[in-house]
Amino acid sequence: MASTGKTTAAEFAAQASGPELRAFAVQLRHMNGEINRLTHAFAAEQGLHATDIQALAAILDAETPLTPGRLRHHLGLTSGAVTACLDRLERAGHIRRARESSDRRVVHLHYLPDARSAARNTFMPLAAATSRTQEQFSGAELTTVLRFLTILNEELDRLRQ
């Protein structure tokens, strides 16, 4: 019988019981915990909420300037909660709101250069650890790791929808 490319419940159960999936889960949780520790330290140092840091990351990582509506969808917050978050970020000097199109209702969010510098200081140990880790892998291995993380994040995004 031809494979559909989809995992059946029985196949998933068999895979899930193996040590490989558990080892991935343990390592991903550990990495997530360490990144959260750095993130919470940065939030406390800047007088921000954890959600504010998630918003900053989304603004920084966006390929094109985010709007408050796209940020609201990304974070899964109400429009009021996003407005409060953006107000805090703007007051703290991390972002600016700009009306850059002919439609004055459209607001774009920009991460300010000075704020990037503050974040860079806090997250430099993470960047250094990532660099040291990358040195231990070949280009082909790093391509595979990046592909794995990209697909995993796509799957996690689908869970949110």
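Residues numbered from 1 in each chain as written. Predicted model: local features only at pLDDT ≥ 70, side-chain atom pairs only at ≥ 80, totals over all residues. Heavy atoms only, no water.

Trainee: I'm lost on the pattern of salt bridges in this one. Help?
Mentor: Should their charged atoms come close, side chains of opposite charge can pair. This structure, assessed with the given rule, holds five salt bridges. The salt bridge partner of R37 is E34, with a shortest N-O separation of 3.0 Å. On the criterion of helical spacing, the pair formed by R37 and E34 is a turn pair, its members being three residues apart in helix α2 (residues 19-46). Across the salt bridge formed by D52 and R88, the nearest N and O atoms sit 2.8 Å from each other. Linking D52 in helix α3 (residues 50-61) with R88 in helix α5 (residues 79-91), this pair joins segments that are 36 residues apart in sequence. Here the salt bridges share partners, and the residues they tie into one network are D87, E90 and R97. (Salt bridge = Lys/Arg side-chain N within 4 Å of Asp/Glu carboxyl O. Helix = DSSP H or I, 4+ residues; strand = E, 2+ residues; numbered from the N terminus.)

Trainee: I'm lost on the packing of α3 against helix α4 (residues 68-75) in this one. Help?
Mentor: Two numbers describe a pair of packed helices, the interaxial angle and the distance between the axes. At a minimum axis separation of 10 Å, α3 and α4 run at an interaxial angle of 120°. As judged from the angle between their axes, α3 and α4 are oblique. With respect to the hand of their crossing, α3 and α4 are arranged in right-handed fashion. Contacts between α3 and α4 involve T51, Q54, A55, A58 and I59 from the former and L71, H74 and L75 from the latter. (Axes fitted to C-alpha atoms, helices over the stretch in contact; angles between N-to-C directions. Parallel < 35°, antiparallel > 145°, perpendicular 65-115°, else oblique. Left-handed = near helix turned anticlockwise from the far one by under 90°. Contact = heavy atoms within 4.5 Å.)

Trainee: How should I be thinking about helix α6 (residues 113-134) in this particular structure?
Mentor: Across its 22 residues, α6 extends only 27 Å between first and last C-alpha, which sits more than 12% below the 32 Å expected from 1.5 Å per residue. Among the residues making up α6, those that are buried are A115, A119 and T122. (Expected span 1.5 Å × (residues − 1). Buried < 20%, exposed > 50% of the residue type's maximum accessible area, 1.4 Å probe, protein only.)

Trainee: Looking at this structure, I do not really get the packing of aromatic side chains. What am I missing?
Mentor: Each aromatic ring pair is described using two quantities: the centre-to-centre distance and the angle formed by the ring planes. Under the defined criterion, the tally for this structure stands at two aromatic pairs. Their ring planes at 35° and their centres at 5.1 Å tell us that F24 and F148 sit as a pair that is tilted. Here the residue F24 occupies a position in helix α2, and F148 occupies one in helix α7 (residues 139-160), the gap between them amounting to 124 residues. The exposure class of F24 is partly exposed, given its relative accessible area of 45%. (Phe/Tyr/Trp six-rings, centres within 6.5 Å; stacked < 30°, edge-to-face > 60°.)

Coordinates in, geometry out; function isn't part of it.
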